[in-house]
Amino acid sequence: MKKHLIIGNPISHSLSPKIHNYWFQENNIDAEYDKVLLREDEIEVIIKKIKTNEIHGMNVTVPYKQTVIPFIETLSENAKITNSVNTIFNQDGKIHGDNTDIYGFEKSLLNKKIELKNKEAFIFGAGGVVPSIILALSKLKVKKIYVSNRTFKNANLIKEKFDFIEVVQWEKIIDCDLFVNSTSVGLKDGESLDLSFDNLKGKKLFYDVIYNPSKTSFLLNAEKKGHEIINGRDMFLYQAQKAFNLWHNITPKIDKKLIRYLYND
């Protein structure tokens, strides 16, 4: 039986085991997928199990998408550009890291036929997923990207990699077409970014990479003001589909049956 898992901290919210175990069954693959809560000092040992094929495939979530990189032997181009890894497997005997978040974020917007060419985007946060979002937005021909983070230094580190972005002080809101919450604020009930969007003109798009809960305070507050909202559900689905393909060379189905099973819709 091929073992798979997702590592992170926190990890209880993850639906990765549910989706991958469903796909294993649908595609008659003898495999299992678990979630593992890890401390940072435990990462190296578990990643080495990919080299020995004790683990067939691994996903990485917050806050370890960059932490894992020193223990990986080869990286895809996307992983190199973003310095972010969310999918790991054994490729030609080496521990290989890839990034399927870029595909997931881009596909989630294309799937809803959202046109972002020559528009402006504002990202909150400076964590491991932000470079993936920036790269995806660049592919979608977004004209201007702003990044804001409570710790200004961390936002500037992203600017060192993507010099075309503009770093904005926390709490300063620039009127854009798209606002993205890439932070983990909202995973727990009652958490809020505590930002005011009262001065925006017209209807905007608010996107939260969190998919569980389906509506964070970031999205609920935007919805109350009449803005369009998207949660991280589709991004999660498509990044998982891409990871599954990398592990098994099969593109699993994303259909209504799967959605109902995952989210009890």
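Structure: see above.
(A) Quick peek at the sheet that holds strand S1 (residues 2–8). Pairing is mixed in the open sheet, where six strands are placed in the order S2-S1-S3-S5-S6-S4. Edge positions in the sheet fall to strand S2 (31–37) and strand S4 (74–75), since each has one partner strand and no second. Relative to S2, S1 runs parallel, the two being bridged by seven bridges. Within the sheet, the bridge partner assigned to Gly-8 lies in S2 and is Leu-37. Its contacts with the sheet place helix H8 (residues 233–248) against S1, S2, strand S3 (57–60), strand S5 (87–91) and strand S6 (94–98), and it is angled at close to 10° to S5.

(B) Structural context of the sheet that holds strand S8 (residues 144–148). Reading across from one edge, S9-S8-S7-S10-S11-S12 is the order of the six strands in this open sheet, with parallel pairing throughout. With one partner strand each, in any of the chains shown, strand S9 (166–168) and strand S12 (228–230) form the two edges of the open sheet. For this sheet the average axis-to-axis angle between neighbouring strands, irrespective of direction, equals 20°. Judged from the four bridges that link them, strand S10 (residues 178–181) and strand S11 (residues 205–208) form a sheet pairing that is parallel. Bridge pairing links Asn-181 to Asp-208 in S11. Across the face of the sheet, helix H4 (residues 101–111) comes into contact with S10, S11 and S12 while running at roughly 145° to S11. Strands in contact with helix H5 (residues 130–139) are strand S7 (120–124), S8 and S10; relative to S7, the strand with the most contacts, it is inclined by about 175°.

Thresholds applied
- Residues numbered from 1 in each chain as written.
- Predicted model: local features only at pLDDT ≥ 70, side-chain atom pairs only at ≥ 80, totals over all residues.
- Heavy atoms only, no water.
- Pairing = 2+ DSSP bridges.
- Helix = DSSP H or I, 4+ residues; strand = E, 2+ residues; numbered from the N terminus.
- Contact = heavy atoms within 4.5 Å.
- Axes fitted to C-alpha atoms, helices over the stretch in contact; angles between N-to-C directions.

These values are about where atoms sit, not about what they do.
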